[in-house]
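Structural description and commentary
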Amino acid sequence: MSASEPLDIHDQVHAFADGELSPEEADVFRAHLGTCAQCQEDLNDILQLQALGGRLGEMDAQPVQPVHPHRDAAPSRAFRPAWSRRGNRVAALALAGSLAAVLAVVVLRSPDVVPQTAHDAMALAPTRSMEARLSWSGASAHRPYGVLRSGDERPRELVPLQQLAKLEEAGDLHGLATGHLLRGERDQAAEYLQRAPASPDVDSDKAVVALSKGELEEALILLDGVLEKHPQHPEALWNRALVLRELGLDALAADAFDAVAGLREPGWAEEAKERAAALRRRLEVQRGTWDDAQKAGKALATDGTPFPEGLARAVPGSARNALYSALWAAPTADAVKALLPLARVLDAHYGGDTLERRVSHVAGLDFKRRGPLAERYRQVVLGTFDASGLDAYVRELEASGNSDFLLAVLPLTGQLPARLPEYEKAAKALGDPWFTLNVEREAARAEFARGDLAGAEARLLRALPACRAAKADYRCGQMEYVLSHIYTEEHRLVEAREHAVAGLQLARQAQEWTQQSDLLMVLGNVARYRNAFALARAYLGEQAARDGRCAARRQVQEGLAAMQVFALRPKEAREELEHAPVCDVPFFINGALVQADLARLDPRPGDVEALRDGLRKLESSGLLRPGELALATHIEGRAVIEKNREEGRALLRKAIAEGNRLGSEDPGAWKARAYSYSSLILDAGKAGDWAGALGLFAEESGAGAPERCELGVEVHDERTLVAAKGPGGELLGHFDASRRSPDFDVTKLVPQAVVTALKPCEHVRVFARYAVHGQAGLLPPELAWSYHTGAKRAAPTVTAARPLVVHDVEAPASLNLPRLRSWELSGAASPRRVELTGAAATPSRLLAELADATEVEIHAHGLVNLGVSDASLLVMAPEADGRYALTAGEVRRQKLKGAPVVVLGACQAARTAPYLHAPWSLPVAFAEAGARAVLASPIDIPDAEAGPFFERVMERIRAGAPAAIALRDERMRALGARPDSWVKTVVVFE
């Protein structure tokens, strides 16, 4: 390259480092530097060497311990390595490596090693590569956002290592985290933020790390926590807008950017306005496209106005409905033929020629007979049809051979549920999957309405593959909605979310606006049921911003009010309900529950009377399924019992009887039963009737009448009940209604007087439901106690022991889990002992071996992954299809014929799902499947200690000790050596 030839911009890195570029050239290079990872690395190396050269020269006279045999060969300040981007960097990298130890000495001894200020070092480029805002002052100033479009690497910026060293020496952990985050090193950033002193700024930056990892719920929780106390925190507002956008909640994201713009910060306000406007434009386009499709469909059917082809391609589901509506409304063969272009456009989308053939077929029919039928259909579309003539119209359609009209008339007149067989017959005659698939959806909805949720689920799961094969995304989205709604009702929240997300994706692709709103509602309720309130508020808020339908707006406000009740904020709950519109019914079931609780938490004159009147209207509306009718009875009793104890108790007993009649297959009925027992137990506690409370605990679980050494604990909203029977049958208890937060310390729930009375007991049986069931520390470690999980089963007759041990599991590499210690089995070898290890320890193999096991030990990793299981799960070796999780749902479906004692030697194995109507966890699942006792911990447990501890407990059990006593004795031995040991957290479920 000649001296006059300009340098490639990548080769300007040396001149830039030495200040040899003109101001204009330096500005250009800075802009390039912000997006060039290679130049950032080169400059980082040069700055290190320059700093080393200057500092090592100053250190010649200082007594530093030699760290390299050639320490005297230090480069001068002017030293420049001879390499370019195109040249060989090996020599420079080797030199940097050899001086690494010297750098450590320089950093430790020289606080002024880096000439730049922290702010200068964190803002070298004029544009930023990270969308999020950082709170640390050295990186919080506004710079325009700009990244390369290649997307090859994670965005990162130059932060010299010397600057990080200086920040570490100064103890600025927040600044260190910021530097690592800008460099793209999010794991290191997370580590420093975890160590940094707590503050709103640190929490906002923790959310940035979570956002960068795709952990959107965690990010939202952190940001909502900041904004609850600091509503105008600018970085948190901005970052929350980004999280909402990533969740697909554009309306809320735009509102959040508006809040940032309102702060009027230089640079940030303008960018926030632009982002909010872009999000709203996107929403307006989506909503406008859907609205246009509905208007175009009606115009096509009523006056033959052609449906725009581009609109048909954009919203194919609505366009297909419009095509059929126009076919039914067409008065002549020529009007039908005019639909051929639209049919061909849609056939090109769906594949095949189904619609073109249908249009051609209808064009060839006798319109002397079909024309009058079409005119009456137009009256149905326009709303001028006299419903009293529907039966005669249906008979005429069937007799005329034009029964395809029924596929439109029955849904439009609300007659489809009652006349589903006629609809099904017409759909089969037509032969288009568009309608045969809808038959399956409508039949499932009818089963759901009757309370046959299992039948509805099975039908839809059978129909979905055919729906996908037909590319009928509109119909598939409808099916996914019904399925997700079924799973939500059953508290199968993992499946509910899976199908709601799948349906939402289909609805977004097909631009079906109301389908999106319906599925956002489901996702909000799923999040609410698992206590993910930040996520629930986001989904419900987005749904409210998009959907103007009365029922939808009412249900959103009821959901928001329910969350306020859970947080024990009754006045805020009332405010949410005051924002709810009054629709055809005054409230839905969720709103009725809220109103019943408000009648107790924040009573006002007329509350109970208004609730009872509203329940009568709701019950007569035909909207409630059988289980929901039982739930309505419970709700009435829940409110009335506070004013009229006898009447309230009678209503609650009626709800229990109805729940028992309908059975656990009806989730509404089973909730009515559980909630009614809870209300009766708390009523007994309020009256000081400890015997009555304990009797109700035992009655609910089928455990038999309490005799001695029993403890019942109920925590619900503001109320706490503890009732106990001591070793001599003496009764004592405690009740109060003073809680003002849903949080509590489980170790302080049971009063000391009750603990003292129970200490002589050989074993204490504990009745509890969420949020107490499964928690460690309810009773002191010196007591032998266990959580009761159901009716006592007779021990089976076992001719020979059959131990099952799972260890050395080869977890999926993708999880990056450390390998656990190899497990050495104790005791003599047994020909009947089954060991599952390595790649053979798959979920299916373990489930198969559980059936006959008399003793089970599972030493594996435990995880809480709400995308896979509502409760904690066990990590097994992957199946051929990649499935690795052993979940509580899979365990419960097994039959453990050997009634084994089960040891779950895994982290968080006892973690309980937040279901108010029944305890749900891995140990509960094993107990329901037939285990006579389960040992597990709700926290992380140490690998090195867990195996030996559990083995010693099992040795005691094999010697004849009951599980709770064996655990207590071994626990006290371990605590004698180390009082703070994790063994205090191990819990027994029996």
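Below is a summary of the structure that appears in this document. This structure is a prediction, so every number in the text was calculated from the model and none was measured. (Residues numbered from 1 in each chain as written. Predicted model: local features only at pLDDT ≥ 70, side-chain atom pairs only at ≥ 80, totals over all residues. Heavy atoms only, no water.)

1. Observations concerning the overall build of the protein
Per the secondary structure count, the protein includes 43 helices and 14 strands. Counting only residues that meet the buried cut, the protein has 54% of its 990 residues in that class. Counting contacts in the protein only where the partners sit at least 6 residues apart, residues at least 24 apart contribute 65% of the total. Of the accessible surface of the protein, which amounts to about 42700 Å², a share of 51% is contributed by carbon and sulfur atoms. (Helix = DSSP H or I, 4+ residues; strand = E, 2+ residues; numbered from the N terminus. Buried < 20%, exposed > 50% of the residue type's maximum accessible area, 1.4 Å probe, protein only. Contact = heavy atoms within 4.5 Å. Areas by Shrake-Rupley, 256 points an atom, 1.4 Å probe, with all protein chains shown as cover.)

2. Topic: helix 7 (residues 161–170)
Burial in helix 7 covers these residues: Gln162, Gln163, Leu164, Ala165 and Leu167. The first or second residue beyond helix 7 is Gly171, which carries a positive phi of 75°.

3. Topic: the pattern of salt bridges
The full count for this structure, using the stated rule, is 80 salt bridges. Salt-bridge contacts for Arg765 lead to Glu710; the nearest nitrogen and oxygen are separated by 2.7 Å. Of this pair, Arg765 sits in strand 4 (residues 764–768) while Glu710 is found in strand 1 (residues 710–716), placing the two residues 55 residues apart along the sequence. Grouping residues by exposure puts Arg765 and Glu710 together as buried. The residue Arg978 makes a salt bridge to Asp980 at a minimum N-O spacing of 3.5 Å. A relative accessible area of 36% places Arg978 in the partly exposed class. Linked through salt bridges whose partners overlap, the residues forming this network are Arg128, Glu131, Arg245, Glu246, Glu271 and Arg275. (Salt bridge = Lys/Arg side-chain N within 4 Å of Asp/Glu carboxyl O.)

4. Some details on the pairing of strand 6 (residues 803–809)
Within strand 6, six of the seven residues are buried, which leaves the element mostly enclosed by the surrounding structure. Summarising the sheet, strand 6 and strand 7 (residues 834–838) pair through five bridges and their orientation is parallel. Within the sheet, the bridge partner assigned to Val806 lies in strand 7 and is Leu836. (Pairing = 2+ DSSP bridges.)

5. Some thoughts on the packing of helix 28 (residues 513–529) against helix 29 (residues 533–546)
Viewed as axis vectors pointing N to C, helix 28 and helix 29 meet at an angle of 155°, and their least axial separation amounts to 8 Å. With respect to their mutual orientation, helix 28 and helix 29 come out roughly antiparallel. The crossing of helix 28 and helix 29 is left-handed. Two secondary-structure elements touch here, helix 28 through Trp513, Gln516, Ser517, Leu520, Met521, Leu523, Gly524, Ala527 and Arg528 and helix 29 through Phe533, Leu535, Ala536, Tyr539, Leu540, Glu542, Gln543 and Arg546. Its residues assigned to classes, the contact of helix 28 with helix 29 shows ten nonpolar, four polar and three charged. (Axes fitted to C-alpha atoms, helices over the stretch in contact; angles between N-to-C directions. Parallel < 35°, antiparallel > 145°, perpendicular 65-115°, else oblique. Left-handed = near helix turned anticlockwise from the far one by under 90°. Nonpolar A, V, L, I, M, F, W, Y, C, P; charged D, E, K, R; others polar.)

6. Observations concerning the packing of aromatic side chains
The geometry of an aromatic ring pair is captured by two quantities: the separation of the ring centres and the angle between the planes. Within this structure, the stated rule accounts for 16 aromatic pairs. Relative to Tyr474, the ring of Trp434 has its centre 5.6 Å away and its plane inclined at 20°; by these criteria the two rings are stacked. Remark: Tyr474 occurs in helix 26 (residues 473–489) and Trp434 occurs in helix 24 (residues 433–450); sequence separation between them is 40 residues. Taken together, the ring pairs in this structure connect Tyr324, Trp328, Tyr377, Phe405 and Phe435 into an aromatic cluster. In this structure, Arg320 packs its charged tip against the face of Tyr350, placed 4.5 Å from the ring centre. When the ring centre of Tyr675 is taken as reference, the NZ or CZ atom of Arg638 above it lies at 5.9 Å. (Phe/Tyr/Trp six-rings, centres within 6.5 Å; stacked < 30°, edge-to-face > 60°. Lys NZ or Arg CZ within 6 Å of the ring centre and 35° of its normal.)

7. A word on the state of the cysteines
This structure, assessed with the given rule, holds three disulfides. Residue Cys467 pairs covalently with Cys476 via a disulfide, S to S 2.2 Å. Disulfide Cys467 to Cys476: torsion about the S-S bond roughly -125°, handedness left-handed. Just as Cys467 is buried, Cys476 falls in that class too. The disulfide pattern of the protein is 1-2, 3-4, 5-6 when the bonded cysteines are numbered in sequence order. (Disulfide = S-S within 2.5 Å.)

8. Considerations on the nonpolar core
A general feature of soluble globular proteins is that nonpolar side chains tend to end up buried together. Counting 215 residues, the largest nonpolar core has Phe307, Leu711, Leu778, Ile858, Leu904 and Phe926 as its most contacted members. Ranked by residue count, the leading element in this core is helix 14 (residues 268–303), at ten residues. One finds Leu615, Ala639, Val640 and Ala672 within the second-largest nonpolar core, a separate group that totals 22 residues. (Core = buried A, V, L, I, M, F, W, Y, C linked by side-chain atoms within 4.5 Å.)

9. Brief notes about the sheet that holds strand 11 (residues 885–886)
Taken in spatial order, the three strands make up an open sheet running 9-10-11, and their pairing is antiparallel. This sheet does not close on itself; its edge strands, each paired only once, are strand 9 (862–863) and strand 11. Pairing of strand 10 (residues 873–875) with strand 11, which is carried by two bridges, proceeds in the antiparallel orientation. Bridge pairing in strand 11 links Val875 to Ala885.

10. Some remarks on the pairing of strand 1
Within strand 1, seven of the seven residues are buried, which leaves the element mostly enclosed by the surrounding structure. Going residue by residue along strand 1, you find Glu710, Gly712, Glu714 and His716 tucked away on one face and Leu711, Val713 and Val715 tucked away on the opposite face as well. The pairing of strand 1 with strand 2 (residues 719–725) spans seven bridges and is classified as antiparallel. In the sheet register, Glu710 faces strand 2, and the bridge partner there is Lys725. As paired strands, strand 1 and strand 4 are joined by four bridges and run parallel to one another. Counted as the bridge partner of Gly712 is Phe767 from strand 4.

11. Some points on helix 39 (residues 843–850)
Listed in full, the buried residues belonging to helix 39 are Pro843, Leu846, Leu847, Glu849 and Leu850. Down the axis, helix 39 shows its buried residues gathered within 165° of arc, on one side only. Where the residues of helix 39 are buried, they touch strand 6, strand 7, strand 8 (855–859), strand 11, helix 40 (888–892) and helix 41 (922–929). (Arc of directions from axis to C-beta.)

12. What about the side chain of Thr985?
Looking at where Thr985 falls in the secondary structure, it is placed in the loop between helix 43 (963–977) and strand 14 (987–989). What makes Thr985 buried here is its relative accessible area of 15%. Of note is the side chain of Thr985, whose polar atom sits 2.8 Å from the backbone oxygen of Trp982. Discounting residues that sit within four places of it in the chain, Thr985 has contacts with Ala776, Ala936, Ser937, Pro938 and Ile939. (Polar contact = N/O pair within 3.5 Å; in protein donor to acceptor, adjacent residues only side chain to side chain.)

13. Quick word on the side chain of Arg370
Take Arg370: it is sitting in helix 20 (residues 367–382). When its relative accessible area of 1% is taken as the criterion, Arg370 is described as buried. At 3.0 Å, the side chain of Arg370 forms a polar contact with the side chain of Asp404. Sequence-distant contacts of Arg370, that is, excluding residues within four places in its chain, are made with Leu327, Trp328, Val362, Leu365, Asn402, Asp404 and Phe405.

14. Here's the deal with unusual backbone geometry
Along the chain, Tyr770 connects to Ala771 via a cis peptide bond; the corresponding omega equals 15°. For Ala771, the position within the fold is in the loop between strand 4 and strand 5 (785–787). The phi torsion at Lys471 lies on the positive side, around 55°, for a residue other than glycine. Mapping Lys471 onto the fold places it in the loop between helix 25 (453–469) and helix 26.

15. Notes on the environment of Ala933
With respect to the helices, strands and loops of the structure, Ala933 is situated in strand 13 (residues 933–936). Sequence separation of Ala933 and Val988 is 55 residues, and the distance between their C-alpha atoms is 6.7 Å. Discounting residues that sit within four places of it in the chain, Ala933 has contacts with Pro900, Val901, Val902, Ala963, Phe989 and Glu990.

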